[in-house]
Structure formats: structure tokens, C-alpha cells
Amino acid sequence: MFVMRQEDISTCGVIVPSIGNLAIGAAYHGDCLGIQVTVVLPDRTPPALAQRCSELNADVVICGETLEDSTNYAKKVHMETGQILLSPDDPLVMAGLGTVGMEIITQLPEADAVIVPVGSGGLLASVLVACNKLKCSCLVYGAECSKVPKMMKACQAGHPIGVPVVANLAEGLNTCIVGRNAFATIKGRLDRMLEVDEMYIARAIITVLERERLVADGAGVCSLAAVMQGLVPELRGKRTVCVVTGGNVDSSRLARIIHRGLSACSRLLRFAVPMADNRCGLENLAKIIADEHAVLKSLVTEQMWVQSDVGTTWANAVVETANEEHSENFKDRIRHLYPSARFAVVDLNDKKCPPRGPPSQS
């Protein structure tokens, strides 16, 4: 779009509502071509992303809680100032995104399938057209978080339909409705649409980080998460391309995201055990953890609200294990030695069953 409408854009400038990649891409190209770019970001946008846009000489406006709020503001400015509104549903923008599909088939002509994360649908539609044009036998799937299934709902209804936006790890895909141009392109052509559980998105983040040494956000790894969840058994043994679309992870949240991923992989365990309130209580627990080759990450004792005998205290601990099998063995060992032990139930919505303190006495 910057090339096709360069004369108009150079005169009027560009305004871009976005929650990630489009803002950075527009700011980068605007800086390279000497075009003034204004990016409109929701309040929840990571500060690092806004700073990156500023470093690329874009004007940054923080407006609204959701992408829809930012989009409405950008449309208002567009009408008042004449700045050209940049949208992922714009045919020229989609044409640029289609180069992703061209590169996939050009560099990997033997590809049997491509899985693409879905936000507003522009990237999926563009990759679908490119892959079908260059290799008609190549399957194209879309993947989105099951908490915001806007493309799945659109496919079921036959037209774009709004859905509530619920906070989840795939923030970069959090739009309430797919683009009309994107859906018109996809309708009747998409091979499958996949809904991915948030737990598998967390696992995919850890997998990409540890095995590929790549920091990707939840939206970026949604396609890989679909494979890890087992949603595409028909692709087993086939050459499948999982498009990783973004790495917009705020450094201040990276540790928390990693902990979520470890918990989802059953590699971070939180539990509480009763123990003797003497010098040997903690020593014995620490020795058991060491003997099981787990790593103690946190340990807090609780004595004030213990309702059992006065010689008992509760230890609330967090340990890291190597894998799911190791975690199960560790749980069995702790439950054998401490029959009253309580382990936290992992839930990525923060609705955890906390293992703090002893069971209530009735």
C-alpha cells in the first residue's frame, strides 16, 4: 500500500489502529520512506511496543481499551484530517500480506499444508489465495484462540459476526469481528478452521523458546499450538508449515508468561504439605525435593491460621520438574509421605485452587 499509493500517503500521512504487528510494520516503512505515520494503540498495549513505534518516528496515540475503540478513534481522525486509514482488511494491505504465502510455496514447494493464526483474517485470506494459486493441492487452515472464536463463528453464520473479546494469551488476535474483505476471500475456500485451547498456546510459547530459542507471543504460536493440541491428525506425516506471526512480548511480562507455560506443561508445581514444627520439618521436606531431582523455586511456611495440632505447620512450596512424567512421580512421592498434601489446580484464567493452608475442620 505504501508503494501503490505513495503519492497520496506522502501528502496526507497514514493513521493505523493496531494491537501489534501492523503498527510496527507501518512505522518501519513510514520511517524508511519518509512518510508520517500515526499509530493508535489500545491501553493494554505493552509499553515496549509503543516505544518501538516512537523510535521509528511514528506518532503514538493510546486510546480505548480494545482494538475496536482504537479503530473508531482512527476513523474519526481520518474523517477530520484526511489521513489515510490503514486496515488489515484493505485489499492493498492484503496483497502485501500475500507475499508470505508466495515465500512459503517458493521456498518449500513440497509443503502439504499451511496453518495461519487468525486475527482480523487478512493474513489468512492472503496466504490462502497465494497458496491456492501456486499449489492448489496445498491445504490452508486457520487457527485462533477458543476464547475469541470470531472466524469460527463467521464461518458457521456465513458472514462476519461479533463475539465478546476475553483476555487470553493470544492478545495479538483479539478482535471482536473478522474483516469483510478477508471473510469474502476465505468463504468457501478455507479447508479448516481450528479453535485452540489457551493451555496449548502456553505450551507452544515454551516449546518455541526452548527448542528454537525464539521469543514468540501467544498470537504468533497459535498455529503450532493447534498441532500440539492434536487438532490436525490428518496432517501426521505430512509437511506442514506453521506460520509464527509475532514476538510482541513485553519484557516485564515475559517471566509471568514463562511461568504460565511451565505450569501448563506440568513442569511447575505448587503444593502445600503439613510438617512437624521443629528443626527437622523443613530439612526433611528439602531433602525429599532434592532426592526427587526437583528444583525448589519458592517456600513459605504458614503457622498463624493452622487449625490442626500446635506441633504442625504448613509449608507452601513451588518446585520445577523436568517433564510431565517427572511431575507425576514427584506428586506420587509427596502424597505417599504426606497424605494430606494438596496440589494446586492449573487454570490459565488465574482461577486456581490454591494449596495454601490445611483443609478446613468441620
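The model shown is predicted, which means the values in this text are computed figures rather than measured ones. (Residues numbered from 1 in each chain as written. Predicted model: local features only at pLDDT ≥ 70, side-chain atom pairs only at ≥ 80, totals over all residues. Heavy atoms only, no water.)

Explain the layout of surface pockets to me, using residue names and the numbers behind them.
When its volume is computed, the second largest pocket comes out at roughly 710 Å³. Forming the boundary of the second largest pocket are 34 residues, of which Ala-167, Asn-168, Glu-171, Asn-174 and Arg-253 lie nearest the centre. For the lining of the second largest pocket, the elements supplying multiple residues, two or more each, are α4 (67-81), α10 (198-212) and α12 (251-264). Broken down by element, the residue count for the lining of the second largest pocket peaks at four residues, all from α12. Its residues placed into classes, the lining of the second largest pocket shows 14 nonpolar, nine polar and 11 charged. (1 Å grid on protein atoms, 1.4 Å probe; cavity = no way out; pocket = protein on both sides within 12 Å on 5 of 7 lines; lining within 4 Å. Points joined across faces, edges and corners; volume = space filled by probe spheres on them. Helix = DSSP H or I, 4+ residues; strand = E, 2+ residues; numbered from the N terminus. Nonpolar A, V, L, I, M, F, W, Y, C, P; charged D, E, K, R; others polar.)

Before we move on, could you go through the UniProt feature "domain: Tryptophan synthase beta chain-like PALP" (unreviewed entry) in the chain and cite the residues and values that matter?
What UniProt calls "domain: Tryptophan synthase beta chain-like PALP" (unreviewed entry) maps, in this numbering, to residues 11-246. Secondary structure across residues 11-246 comprises 44% helix and 15% strand; the distance between its end C-alpha atoms is 30 Å. (UniProt positions renumbered as here; feature names shortened; annotations may be inferred.)

Let's hear about the sheet that holds strand β9 (residues 268-276): which residues, and what values?
Within a sheet, neighbouring strands are paired by backbone hydrogen bonds and run either parallel or antiparallel to one another. If you walk across this open sheet you meet the four strands as β10-β11-β9-β12, and the pairing is antiparallel. Edge positions in the open sheet fall to β10 (295-302) and β12 (342-343), since each of these has one partner strand only. Where β10 and strand β11 (residues 312-320) come together, seven bridges link them in antiparallel fashion. Of the residues in β11, the one forming a bridge with Thr-301 is Ala-315. Along the sheet, helix α13 (residues 279-291) contacts β9, β10 and β11; its crossing angle with β9, the most-contacted strand, is approximately 145°. Relative to β9, helix α14 (residues 324-337) is tilted by about 15°, and along the sheet it contacts β9, β11 and β12. (Pairing = 2+ DSSP bridges. Contact = heavy atoms within 4.5 Å. Axes fitted to C-alpha atoms, helices over the stretch in contact; angles between N-to-C directions.)

Residues and numbers for the sheet that holds strand β5 (residues 113-117), please.
Pairing is parallel across the open sheet formed by four strands, whose spatial order is β7-β6-β5-β8. Sheet topology places β7 (192-196) and β8 (240-242) at the edges, where each strand pairs with a single neighbour. Neighbour to neighbour, the strand axes of the sheet diverge by 25° on average, direction disregarded. Bridging between β5 and strand β6 (residues 139-145) involves five bridges; their strand directions are parallel. Counted as the bridge partner of Val-116 is Gly-142 from β6. Docked against the sheet, helix α8 (residues 150-157) engages β6 and β7, running at close to 140° with respect to β7.

Pulling in residues and values, what's your account of unusual backbone geometry?
Look at Arg-213: it is not a glycine, yet its phi comes out positive at around 55°. Here Arg-213 is to be found in the loop between α10 and α11 (222-228). Since its relative accessible area comes to 66%, Arg-213 is described here as exposed. One non-glycine residue, Ser-266, adopts positive backbone phi at about 60°. (Buried < 20%, exposed > 50% of the residue type's maximum accessible area, 1.4 Å probe, protein only.)

Break down the pattern of salt bridges for me, with residues and values.
Throughout the structure, instances matching the rule amount to eight salt bridges. In this structure, Glu-55 and Arg-52 form a salt bridge, with 3.6 Å as the shortest nitrogen-oxygen distance. Linking Glu-55 with Arg-52, this pair stays in helix α3 (residues 47-55), spanning three residues, or about one helical turn. Across the pair Arg-267 and Glu-210 runs a salt bridge, and its minimum N-O distance is 2.9 Å. Remark: Glu-210 occurs in helix α10 and Arg-267 occurs in the loop between α12 and β9; sequence separation between them is 57 residues. Residue Arg-267 is classed as buried on the basis of its relative accessible area, which comes to 14%. Here Glu-210 falls in the partly exposed class, since its relative accessible area comes to 37%. (Salt bridge = Lys/Arg side-chain N within 4 Å of Asp/Glu carboxyl O.)

Hey, could you go over the environment of Leu-97 for me, with residue numbers and the actual values?
Summarising the element assignment, Leu-97 is placed in helix α5 (residues 91-97). Each C-alpha atom of the pair Leu-97 and Gly-122 lies 7.5 Å from the other, and the pair is 25 residues apart in sequence. Once you skip the residues sitting within four places of it in the chain, Leu-97 turns out to touch Gly-122, Leu-123 and Ser-126.

Any chance you could break down α8 for me, citing the residues and the numbers?
Those residues of α8 that fall on the buried side of the exposure criterion are Lys-150, Met-151, Met-152 and Ala-154. Against the buried residues of α8 lie α7 (122-134), β6, α9 (180-186) and β7.

Account for the pairing of β6, with residues named and values stated.
Burial of β6 is extensive: six of the seven residues sit out of reach of the surface. With respect to chirality, the unit in which β5 leads through α7 into the neighbouring parallel β6 is right-handed. Where β6 meets β7, five bridges bridge the pair, whose relative direction is parallel. Paired with Cys-145 across the two strands is Val-196, which belongs to β7. (Right-handed = clockwise from strand over helix to strand, strands pointing away.)

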